[in-house]
Every structure is written in C-alpha cells, then in structure tokens.
Amino acid sequence: MARTKLPARPAPPRTSYPARVYAGLALAAALALGGSASFFESESLYQRQYRDPYLIAQQFPRLEGVRTAVPESAVMGYLTDTSPGSTVFEAMYGSARYVLAPRLVRLDTNAAWVLGNFTRPADFAALARRNGLRLERDFGNGVLLFRKEGTR
Amino acid sequence: MIAALWLLPALALGCLMVLCFSGLRERLPKPEAALLLFGAGSATGIGAASCLFFVCRLLLPGSVLLPLLLELAAVAALGVLYVRRPRATRASDSTLAFPLNLALALALPAAVLAATCIMAGTWEANPHGDWDAWSIWNLRARYLAANSDAARRAWSPDLVSTHPEYPLLTSAFVARCWAYCGSDDPAAPIAVSYVFLLALVSAGAGGVGLLRSRPLGLLFGLLLAGTPVLLHAVPAQYADVPLACYFLAALLLALLEEPLFAGVCAGLAAWTKDEGSLFLLVFVAASAVWRLRALPRVLLGAAPGAVLALSFKLLIAAGTPSLAGRAAGTLAPKLLAASRYVQVLKAFAASLLDTSFLLLYLALAVVAASLRFDQERRRDAVLAVSVGGVMLAAYFSFYIVTPYDLAWHLATSLNRLIVQLWPLLLLAVFAALRTPESYAVVTRKRK
C-alpha cells in the first residue's frame, strides 16, 4: 500500500519574555519568602519571651473549685488585694472573668457570691467581715469564695 | 478538636452561597476562581453562621438546636439548588502559561505551610490568644455559648472596660462552635482565626489572579503569606485578620464585577469590628463614585450585616459609651494640638517602615520596576487607593482625638490597624501592574 505523506505540522509557537520580567518576578517571590523567614525569627523570639504571660491557662485549674461551686447563672462580686488599674489587677480580674464565664464577675462585693482572688496570704475571715461577707470556702492558691452575710 | 470541625458546615454554607448567587461558577474550573470561591465563601459562610447564631440567641436564648437546624437546612437547600441549576458553559483555562507559574504555585502553599508550623508553637504557648482575645472576643463567646439568658451578658454594661458595644461576628461564631460541640475547647477560636488567614490568602491569590493574571495572583498570595505582622495577628486571635479578609474580599469582588458579594463582605465587616462600619461607609461611597450602576446590588448584599451591626449598636447594646462618643467630648483641644499630629505621624512612619515590611516594599519596588504599570487599569487602582487611603486617613484622624492616652493607644493598636489595611495597599499596586504575559513575544520556529 502506497503511503501518502501528510503535510508537515506547523511548529508550535515559542513564547519568550524579557529577562527583566523573569528576574523581577523571581526576585519579588524570593523577597516575599524572606518575609516568611523573618516571621520565623520574630515569632520564635515571641514564643520564648511570652509563654502565656498572663497565666491564663493556669487559671482554669486554679479556679476550678469556684466553677464547680457557683451556678453558671450567678452574678458574682470580686475582692482582691491588687491595686485597681495595675496590670496585675487587670490580668487577674480579666482572666478570672474569662475562666468563670458565663458567670458574670462584677467589680464590687454587693453580690450573693463573691470571688476572692489574692496574691498574698491574709486574715481572709476578718477581711470578709469588714466587707459584710462570710468566708464560704478557701480553695488555696489565693482563691476564696465568700457569701453575702444573710444569704444561704 | 471537635469544636474546630463545626467550622465545616459554615464553610460549606458560604461556598454554596457564592456558587449559587455569583458569577464565579462560570469562571470555574480556573484554579483562581476556586481559590476566590474558597476565600470569599469561607468568609461569607462564617459571617452568615455568626449572624444566624446571634439572632437565634437573641430570640430563643436556650435553644442550640434552632440555629443548627436552620444552618443545616440552608446548606441542604443550597446544595439542591446548586445541583439542579443548569450547568454553565465552563470557561476554558486558556491563559498563557508564564514559565514561573509552577514555581510560584509551589512556593505559595510552602510559605503558608511554613507559617502554619511556626504558628503552631504560639498556639501551644498561648492557646487562649493574646490579651484582647481572652478579655474581649473569647470572653464574649463564652457568654454567648451559654444555653440560657446568660448569653445576654456578652453586651452587659458590667463589661464596660472591655467594650461590650463591639460587634460580635467572631465571638458569636466561636460561641456557635462551642455550643454545638458542648465544650469550650480553645481549638475553636484558634481554627477560626487560622481559617480567616487561609481565606485572606486564598481570596487574594485567586482574586488578583482573575483580575490580572495567574503569576501576579500567586505573587500577591506570597506577599500576604510573607507579612510577619499579619501572620503574628493570627495566633493572637484578634478580629483584625477577619476584618482584613472582609476588606480585601469586598474590594476584589467589586473589581471583578460581583457587587452582591462585595456588599455582603462589606456588611459583614461592619459586624466584625467598629472599623468595619467605617469601611462599609467608605466602600459604599466609593461604589457610588466609581461603580454607580453596581451600587443597588452592593447595598442589597451589605444589608444583613449592616442592619445587624446597626441594630446591635442602637438597640441591643444601647447606652454603652462608645469610643467615638467618648472621643467627642474633648475634640477641639486635641484637634488643635500640633504635638499630637507629630506623635501620630512618627508612630505611623515607625510602623510602616518597620524592618519586617522592608523586604515586602523591596519586593513591590522590584515587581513594579520590572513589570511597570498599565495605564488602562488606572480605574481599578483608583478604587483600591481611594478606599485604602480614606481608611488610613480616618485611622490617623481617630488617633488625634482618641480618648485614651495617645502613646499607649498607638503602641497597643497601630500595628493591628496596619494589618487590616495592608492587603488593600498591596491590591492598589497589583491592580495597576502590567501582567507578565503582556510582555510575551510569540515567534514561530522555522523548519
């Protein structure tokens, strides 16, 4: 059988780009990856320096007793030995509020349940009496639960 | 970990909404369209699920089943709608393949993966996030997750030091995940902030890829995934990365002639943070000036998020003094104090010229010098510049009149505002660049 010769296929077009287009995109991509490396450096340093700086994770076991004793619907008061406005005060109050939510922890002692959140040992029973409270339970580690006098 | 899995129905909901009601399905199977679909769909789905959960909490505080059933019913209905809709003519992916595409396409997931591995260390060290995460956003999520009237404590005036008037998109969504799984696992807020990063990078790479070209989209994604300040904000679990995602998605969708979902994203920005309400106003004004014909659909899309945010401010959390309200009291003396302008200018310069940005500026300069700008894309660039520029100017002005100690306010918040606007500033440059493909010289080989 005679073989017929097919017409030659046209050669595929060749696409080229100016060298500066390649170089520009490659360099920009490399610089962006440099940004990733910079993140590695800064975040590693951050992780070493700020490992749970406000001890939030530790508040869950620390306040577990209060979480068990006080119903979720409760509105609680708050008593502390830290100075209002200081970072320690804000961190301790804020973290207690976070851990105890949905209980609402207010900055006064005019509630049926009052959380005691202390940094130092003290005569807590006397402190309670001065605020019209009675000491319900000392959970240790500076965590106490007070009740308003006259409530059951 | 189960709490994080509850993100999936919301992501499905959002992606199906975008698939059914936008023109993106006609652009499939282009990888850029799939990326934008994931980015805009995830952000939309999280926002829609947040709105639904919050409204149900408001109307029936004790019921977890109602929002869950409504959400699953919406996913099922949209799924049926998607399957039954006549197939659109699929676009062929005939874009000219730039030789660096493969390398860029490999570099982008590698950069995201590397960033994820680094973030894992921070998640382990600080699973509850940084200060604002546990004192504002996740605190309110814990209230909203409660199956009782305690949910209303999320905007109690007793939280005055932690802004009970702030919008609740992220808090309500995290609460939804916690309520559905019955635990307060920190994996939920961690996963939410991470998904917003993925959505941001994905929407950026896909959107710029569709708007301009594939290599520019991939480079855009790489630049986002290589911005240390932005990446640091992810494990912090603040609302700034979600907000940046909504800003970028809104602008990209507007540039891609998808005004409905552009409006949806702008409206959800208002339900995310106060800065989002400002963005919504600026975005609507910019649409009125540059895209007037699309304005009705922008407004329609923005309505749910905007109405919820406005109702929350005016009706639900009414009476809580807002930042703007407190600033209004001492406006005149602060506006006239030249030293405040100098202080704010110096802080902006220090933040924007931070060493972590230098590599990225260099990258932008290199790509702009090698590709140059396309005069025909001026209109897109002007829209991006006008929105980003007005937002930047508004942030600058707010610092001048802030009710807080100025040095403290700048030190604790400026970087986060830069995180919100950085993708818009990148977009302003990328929208106007010439594409690498436009430099192609096609020659036929001679036999």
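Residues numbered from 1 in each chain as written. Chains lettered and ligands numbered in written order. Predicted model: local features only at pLDDT ≥ 70, side-chain atom pairs only at ≥ 80, totals over all residues. Heavy atoms only, no water.

**Q** Help me understand empty space enclosed by the protein in this model?
**A** With a probe scaled to a water molecule rolled over the atoms, the places where space remains empty come into view. All names here are of chain B. This structure, assessed with the given rule, holds two cavities of 30 Å³ or more. Of the voids in this model, the largest cavity is the one considered here, and its volume is about 80 Å³. By residue number, the principal contributor to the lining of the largest cavity is helix α9 (residues 187–211), which donates four residues. For the lining of the largest cavity, a count of residues per class yields seven nonpolar, five polar and no charged. Its volume calculated, the second largest cavity comes out at about 50 Å³. A254, E257, E258, P259, S287, R291, A294 and V298 together form the lining of the second largest cavity. Per-class residue counts for the lining of the second largest cavity are four nonpolar, one polar and three charged. (1 Å grid on protein atoms, 1.4 Å probe; cavity = no way out; pocket = protein on both sides within 12 Å on 5 of 7 lines; lining within 4 Å. Points joined across faces, edges and corners; volume = space filled by probe spheres on them. Helix = DSSP H or I, 4+ residues; strand = E, 2+ residues; numbered from the N terminus. Nonpolar A, V, L, I, M, F, W, Y, C, P; charged D, E, K, R; others polar.)

**Q** What's the story with the domain arrangement of chain A in this structure? I'm lost.
**A** Here chain A is described as being made up of domain 1 (21–51) and domain 2 (56–148). Spacing between the C-alpha centres of domain 1 of chain A and domain 2 of chain A amounts to 44 Å. (Domains from an automatic or database assignment.)

**Q** Mind showing me how you'd approach unusual backbone geometry here?
**A** Backbone phi values are negative for most residues with the exception of glycine, while trans is the configuration of most peptide bonds. Residues and elements named next belong to chain A. Look at the link from A101 to P102: it is a cis peptide, with omega at 15°. Tracing the sequence through the fold places P102 in the loop between α4 (87–100) and β3 (104–105). Residue D52 is not a glycine yet carries a positive backbone phi of 45°. Relative to the assigned elements, D52 resides in the loop between α1 (19–49) and α2 (56–62). Notably, N141 is not glycine yet its phi reads approximately 60°, a positive angle. By the secondary structure assignment, N141 is in the loop between β5 (133–140) and β6 (143–148).

**Q** How do you make sense of the layout of surface pockets when you look at a structure like this?
**A** Computed from the structure, the second largest pocket encloses a volume of approximately 290 Å³. In this structure, the second largest pocket is lined by 14 residues; those nearest its centre are E72 and P102 of chain A together with A145, S183 and D184 of chain B. When residues of the lining of the second largest pocket are traced back to their parent elements, those giving at least two are α7 (131–145) and α8 (169–181) of chain B. Taken together, the residues that form the lining of the second largest pocket break down as six nonpolar, three polar and five charged.

**Q** Hey, could you run me through the pattern of salt bridges in this one?
**A** Any two side chains of opposite charge can pair if their charged atoms end up close together. Residues and elements named next belong to chain B. Under the defined criterion, the tally for this structure stands at 16 salt bridges over all chains. The salt bridge involving E32 is made with R214; its shortest N-O contact spans 2.5 Å. Of the two residues, E32 sits in helix α4 (residues 31–59) while R214 sits in helix α10 (residues 214–225), which places them 182 residues apart along the sequence. Residue E32 is classed as buried on the basis of its relative accessible area, which comes to 7%. The closest approach of N and O atoms between K273 and E275, which form a salt bridge, is 3.3 Å. Salt bridges sharing partners connect three or more residues here, namely D132, D240, K273, E275 and R416. (Salt bridge = Lys/Arg side-chain N within 4 Å of Asp/Glu carboxyl O. Buried < 20%, exposed > 50% of the residue type's maximum accessible area, 1.4 Å probe, protein only.)

**Q** Hey, could you run me through the packing of helix α6 (residues 101–125) of chain B against α10 of chain B in this one?
**A** Any two packed helices are characterised by how steeply their axes cross, that is the angle between the axes, and by the distance between the axes. Residues and elements named next belong to chain B. Running from N to C, α6 and α10 point in directions that differ by 25°, and their axes come no closer than 9 Å. Between α6 and α10, the crossing angle belongs to the class labelled roughly parallel. The handedness of the crossing between α6 and α10 is left-handed. Together, N101, L104, A105, A107, L108, A111 and V112 of α6 and R214, P215, L218, G221, L222 and A225 of α10 make up the contact between the two elements. Per-class residue counts for the contact of α6 with α10 are 10 nonpolar, two polar and one charged. (Axes fitted to C-alpha atoms, helices over the stretch in contact; angles between N-to-C directions. Parallel < 35°, antiparallel > 145°, perpendicular 65-115°, else oblique. Left-handed = near helix turned anticlockwise from the far one by under 90°. Contact = heavy atoms within 4.5 Å.)

**Q** Looking at this model, I keep getting lost on the nonpolar core. Mind explaining?
**A** In summary, soluble globular proteins display a tendency toward joint burial of nonpolar side chains. With 191 residues, the main nonpolar core has M76 of chain A together with F54 and F279 of chain B as its most contacted residues. Ranked by residue count, the leading element in this core is α9 of chain B, at 17 residues. Ignoring anything within four residues of it in the chain, the contact list for M76 of chain A reads V66, V70, L100, R103, L104, V105, R106, A111, W113, V114, L115 and L145 of chain A. L79, F118, F124 and F146 of chain A belong to the second-largest nonpolar core, a separate cluster that totals nine residues. (Core = buried A, V, L, I, M, F, W, Y, C linked by side-chain atoms within 4.5 Å.)

**Q** Can you walk me through the packing of aromatic side chains in this structure?
**A** How two aromatic rings sit relative to each other is set out by the distance from centre to centre and by the angle between their planes. Per the stated rule, a full pass over the model turns up 32 aromatic pairs over all chains. Taking the centre distance of 6.1 Å and the plane angle of 80° together, the rings of F53 of chain B and Y180 of chain B count as edge-to-face. Remark: Y180 of chain B occurs in helix α8 and F53 of chain B occurs in helix α4; sequence separation between them is 127 residues. Both residues of the pair, F53 of chain B and Y180 of chain B, belong to the buried class. For the ring pair W155 of chain B and F312 of chain B, a centre distance of 6.0 Å and an interplane angle of 90° mean the geometry is edge-to-face. With a gap of 157 residues between them, W155 of chain B in the loop between α7 and α8 and F312 of chain B in helix α15 (residues 295–316) connect regions that are remote in the sequence. Through successive ring pairs, a cluster of aromatic residues spans F54, W155, W271 and F312 of chain B. A cation over a ring is seen here: R147 of chain A above W113 of chain A, with NZ or CZ 3.8 Å from the ring centre. Geometry around Y439 of chain B places R434 of chain B over its ring, the cationic atom sitting 3.9 Å from the centre. (Phe/Tyr/Trp six-rings, centres within 6.5 Å; stacked < 30°, edge-to-face > 60°. Lys NZ or Arg CZ within 6 Å of the ring centre and 35° of its normal.)

**Q** How should the sheet that holds β5 of chain A be read in this particular structure?
**A** Neighbouring strands of a sheet are bound in pairs by backbone hydrogen bonds; such pairs are parallel or else antiparallel. Residue and element names in this part refer to chain A. The five strands are arranged β3-β2-β4-β6-β5 in an open sheet whose pairing can be described as mixed. Only two strands of the sheet have a single partner each, and these edge strands are β3 and β5. Two elements, strand β2 (residues 75–80) and strand β4 (residues 113–117), share five bridges in a ladder whose sense is parallel. Residue pairing across strands places M76 opposite W113, the latter belonging to β4. (Pairing = 2+ DSSP bridges.)

**Q** Please explain the pairing of β5 of chain A as it appears in this structure.
**A** Here is the key point about a regular strand: its side chains alternate between the two faces of the sheet. All names here are of chain A. Across six bridges, β5 lies against β6 in antiparallel orientation. The partner of R134 across the bridge, within β6, is R147. Joining the antiparallel neighbours β5 and β6 is a turn of two residues, in which N141 adopts a positive phi near 60°.

**Q** Help me understand the environment of L7 of chain B in this model?
**A** All names here are of chain B. Checked against the element boundaries, L7 lands in helix α2 (residues 7–21). Residue class for L7 comes out buried when judged on its relative accessible area of 2%. Sequence separation of L7 and V192 is 185 residues, and the distance between their C-alpha atoms is 7.5 Å. Not counting the four nearest positions on each side in its chain, L7 is found in contact with I46, F173, R176, C177, A191, V192 and V195.

**Q** I keep staring at the interface of chain B and chain A and nothing clicks. Help me out?
**A** The accessible area lost on association of the parts is a frequent measure of interface size. Facing the 64 residues of chain B at the interface are 57 residues of chain A. Regarding the contact of chain B and chain A, the summed buried area is about 5,100 Å², with carbon and sulfur atoms giving 66% of it. Our enumeration of links across chain B and chain A arrives at one salt bridge. Here R106 of chain A ties to D158 of chain B by a salt bridge, and the two come within 3.8 Å at their closest N and O atoms. In this structure, the connection of chain B to chain A is made through 17 residue pairs in polar contact (both at pLDDT 80 or more). (Buried area = accessible area lost by both parts, 1.4 Å probe. Polar contact = N/O pair within 3.5 Å; in protein donor to acceptor, adjacent residues only side chain to side chain.)

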